[in-house]
Amino acid sequence: MMDTVAHVVVRKRGHRGLSGGTQKGNGQALAKLQALLEQGRAKARLDQTQLARRAGLGRTTVSQALRAIDQVPSVTTVAAMAKALGLDADRLLGLQMQADAEAQGLTRTASDGAEEGIGHPICACDPYDLEVHPAGAEGDAASTAASTALPRTARVPVLPGYVRRGHDEVLEQVVQAASAGRSGMLVLVGSSSTGKTRACWEAIQPLADQGWRLWHPFDPTRAEATLADIRRVGPRTVLWLNEAQHYLGDAQKGPDIAAAVRSLLTNPGVRPVLVLGTLWPEYDRAYTTLPFPGEPDRYAQVRALLAGRTVPVPDAFDDAAQSAARDLAAAGDRILAAALERAEAGRVTQDLAGAPELLHRFRTASPPARAILNTAMDARRLGVGLHLPLAFLTDAAVDYLTDREYDALSPDWAEKALAELAAPVHGRLAPLQRARRRPSRRAPGAPRDQDTTHGVVYRLADYLEQHGLAERRCLCPPASFWEAAHHHLTDVQDLGRLAHAAETRHRLQWAYHLYKRVDPWFALKRQVVFRLRAGDRCRRTSERAPPRTDESAPFLMR
């Protein structure tokens, strides 16, 4: 069928040349390209409108790519259609380049395209496969759900809007130099989840339309793959060294890899090439610090490679970056807007990278760990402060477990669950972290206030707090939650908010006792209200109220 379609396309052209010029090969490459795309569209049972929507292209663009006899579709168009149809992008892009050469009267053949070198066209690459951290969790945006409904090869990654910062200017200069024909290298140095890999991905997008390829060596190991095939790198190729410590820090192969990359950058026969990498600060210091006299210099080659080729990436957004991020959020970027609400001290990228993994950790947590997280979520959504006492969390978690799960608890279940929840994810976030209270400040000569809270406290990750607010809003905590709150919580504001939450959920006995912890007189007043609602007309209850001992909490002044 493919040959038949190709024959028909060629026959329709007659003797006309592409782009109005004399072409070599009689347009066979374009005909074959269009035949493969048409065959894929028919197999997927999509009309041109549906294909355009899936590929993120205009319908006119798709129609011209399938039918035009005097115009070669662009690299971006072919790559997008190949992804949408689940076709071999390398093969189609090779045909596109051959067709483009034919249209310009060149003698390039399909075999020439095959000899370009190792790697894949940038347009055919998936940023997630290049280790860009997914941003936001499932369901954060409608486009995420739409994307996951497509086959793996047809998905378009859902990434939030990109905010340019200072290091992006340096990246842009290196990429522009490579585009102009000069080989170059840049390594972004920054802590985990600061946006290093995403910055590299955004920087190389202008090279995609120029037909550049990208090689990300990792099989069987990163170091072995690099040494085995680096001599196959051809011109107009990006060598992708994400987490460069896996390449340059290898005890046996690291120096050889550094030397090979230096040779690649200075080889005029493969110019231009672009080497991009990322590195944590501790590795950068280890590689670039000179050894003491007499000590072996393990990183001499690495140090020479990195000299003048690194740029720092800050941990947090500065004021200008936060302003730009707010503009994107106001324009409809829901993932970025949610991250801005949660992020502390401008650490937006860490929140974006850590959110999906936090949700995954919650969903796959062991029963005791999940019970503690549910306790913390309920406490935060019902008004308890940031610092949750350990005794409250462990005692309240009991009724969140089923009978079978409770019977399976080990004597040290709480310690194991807390250790599980304290393990960090991307961005150095953890589902539940031990917190440290700042000491209270007082005027000179003022008496020291008695600390109303004692013992170890923990803090729930902001993203899980937000998740619990949405997912558990219709659920009422079990009895162990109210009992533990009554016994272990001491902050008047926390107790008052929990008392009100218990009242609105018809846990009136716990509401009364929690109110009583705050203000016995007000608790009796509420008890009268409870009884009147229940039909008890005893009016003498209020006469038994004790004298008030302190001021009512602000939450009571309604």
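Just so it is clear, the model here is predicted, and its values are computed rather than measured.

Caption draft 1: Broad picture of the overall build of the protein. Helix and strand counts for the protein stand at 28 helices and nine strands. A total of 558 residues make up the protein; the buried ones form 46% of that total. Long-range contacts, defined as pairs at least 24 residues apart, comprise 74% of the intrachain contacts of the protein with a sequence gap of at least 6.

Caption draft 2: Seen up close, the pairing of strand β2 (residues 184-189). Within β2, six of the six residues are buried, leaving the element largely enclosed by the surrounding structure. Pairing of β2 with strand β5 (residues 273-279), which is carried by six bridges, proceeds in the parallel orientation. Bridge assignment links M185 to a residue of β5, and that residue is V275.

Caption draft 3: Representation of helix α27 (residues 508-518). Within α27, the full set of buried residues consists of A511, Y512, L514, Y515 and V518. Where α27 is buried, its residues touch α25 (479-488), α26 (492-504) and α28 (520-533).

Caption draft 4: Quick peek at the nonpolar core. Within the largest apolar cluster, 53 residues are counted, with the highest numbers of intra-cluster contacts made by I204, V238, W240, L274 and L276. Looking at which element gives the most residues to this core, the answer is helix α5 (residues 75-85), with eight residues.

Caption draft 5: Region of the structure containing the pattern of salt bridges. Under the criterion given, the structure shown has 18 salt bridges. E131 is paired through a salt bridge with R222; the nearest N and O atoms lie 2.6 Å apart. Taken together, the residues E131 in the loop between β1 (120-121) and α8 (142-148) and R222 in helix α12 (residues 222-229) connect sequence positions 91 residues apart. With a shortest N-O distance of 3.7 Å, D229 and R232 are connected by a salt bridge. According to the relative accessible area criterion, D229 is partly exposed, its value standing at 23%.

Caption draft 6: Highlighting unusual backbone geometry. Following D219, the chain continues into P220 via a peptide bond in cis, with omega recorded as 10 degrees. Inspection of the secondary structure assignment puts P220 in the loop between β3 (213-215) and α12. Here R271 and P272 are connected by a cis peptide whose omega angle stands at 0 degrees. Within the element layout of this structure, P272 appears in the loop between α14 (254-266) and β5. You will see that E131, though not glycine, has its phi angle at about 80 degrees, which is positive. Judged by relative accessible area, E131 falls into the partly exposed class, the value being 24%. Positive phi outside glycine occurs at H506, with the angle close to 65 degrees.

Caption draft 7: Structural context of the sheet that holds β5. Taken in spatial order, the six strands make up an open sheet running β1-β3-β4-β5-β2-β6, and their pairing is mixed. Since the sheet does not close on itself, it has two edges, and those belong to β1 and β6 (310-312), each with one partner. The pairing of strand β4 (residues 237-241) with β5 spans five bridges and is parallel. Within β5, the position partnered with W240 by the bridge is L276. Strands in contact with helix α9 (residues 166-179) are β2, β5 and β6; relative to β2, the strand with the most contacts, it is inclined by about 160 degrees.

Caption draft 8: The arrangement of the packing of aromatic side chains in detail. Summed over the entire model, instances satisfying the criterion amount to six aromatic pairs. Ring centres of F392 and F481 lie 5.6 Å apart, and the angle between their planes is 70 degrees; this geometry places the pair in the edge-to-face category. With F392 in helix α21 (residues 390-396) and F481 in helix α25, this residue pair connects regions lying 89 residues apart in the sequence. By relative accessible area, which is 0% here, F481 ends up buried. Between F481 and W482 the ring centres are 5.2 Å apart and the planes differ by 90 degrees, which places this aromatic pair in the edge-to-face class. Feature note: the residues W280, Y283, Y287 and Y299 constitute an aromatic cluster, connected by ring pairs.

Caption draft 9: A look at the side chain of S191. Locating S191 in the fold gives a position in the loop between β2 and α10 (196-203). Residues within four places of S191 in sequence aside, it is in contact with K196, W280, P281, D315 and R428.

Caption draft 10: Representation of the sheet that holds strand β9 (residues 457-460). Spatial strand order, β7-β9-β8: three strands in an open sheet with antiparallel pairing. Each of the sheet's edge strands pairs with one partner strand only, and the pair in question is β7 (388-389) and β8 (432-435). Examined bridge by bridge, β8 and β9 share four bridges and lie antiparallel to one another. Residue pairing for β9: A435 is matched across the bridge by V457. Those strands touched by helix α20 (residues 367-381) are β7, β8 and β9, and its axis lies near 80 degrees from that of β9.

Caption draft 11: Broad picture of the packing of helix α2 (residues 28-44) against helix α6 (residues 89-103). Between α2 and α6, whose axes approach to 7 Å, the crossing angle comes to 150 degrees. For the pair α2 and α6, the crossing hand works out as left-handed. In contact with Q28, A29, L30, K32, L33, L36 and L37 of α2, α6 contributes R91, L92, L95, Q96, Q98, A99 and E102. Looking at the contact of α2 with α6 residue by residue, the classes come out as eight nonpolar, three polar and three charged.

Caption draft 12: Region of interest: the state of the cysteines. What the rule picks out here adds up to zero disulfides. Distance from the sulfur of C123, which forms no disulfide, to the nearest cysteine sulfur (C125) is 8.7 Å.

Caption draft 13: Main features of the confidence of the model for the protein. Across the protein, pLDDT averages 83, with 82% of residues at or above 70. Within the model, the stretch residues 106-115 combines pLDDT values under 50 with ten contacts to residues more than four positions away or in other chains. Note on residues 540-545: pLDDT under 50 across the span, and seven contacts to partners over four residues away in sequence or across chains.

Caption draft 14: Focus on the packing of helix α18 (residues 334-342) against helix α19 (residues 348-363). Packing of α18 against α19 leaves a shortest axis separation of 9 Å and a crossing angle of 115 degrees. For the element pair α18 / α19, the angle class is roughly perpendicular. For α18 against α19, the interelement crossing comes out right-handed. Contacts between α18 and α19 pair I335, L336, A339, L340 and R342 from the former with V348, D351, L352 and A355 from the latter. Residues belonging to the contact of α18 with α19 are distributed by class as follows: seven nonpolar, no polar and two charged.

Reading the values: rules and limits
Residues numbered from 1 in each chain as written. Predicted model: local features only at pLDDT ≥ 70, side-chain atom pairs only at ≥ 80, totals over all residues. Heavy atoms only, no water. Helix = DSSP H or I, 4+ residues; strand = E, 2+ residues; numbered from the N terminus. Buried < 20%, exposed > 50% of the residue type's maximum accessible area, 1.4 Å probe, protein only. Contact = heavy atoms within 4.5 Å. Pairing = 2+ DSSP bridges. Core = buried A, V, L, I, M, F, W, Y, C linked by side-chain atoms within 4.5 Å. Salt bridge = Lys/Arg side-chain N within 4 Å of Asp/Glu carboxyl O. Axes fitted to C-alpha atoms, helices over the stretch in contact; angles between N-to-C directions. Phe/Tyr/Trp six-rings, centres within 6.5 Å; stacked < 30°, edge-to-face > 60°. Left-handed = near helix turned anticlockwise from the far one by under 90°. Nonpolar A, V, L, I, M, F, W, Y, C, P; charged D, E, K, R; others polar. Disulfide = S-S within 2.5 Å. pLDDT = per-residue confidence, 0-100. Parallel < 35°, antiparallel > 145°, perpendicular 65-115°, else oblique.

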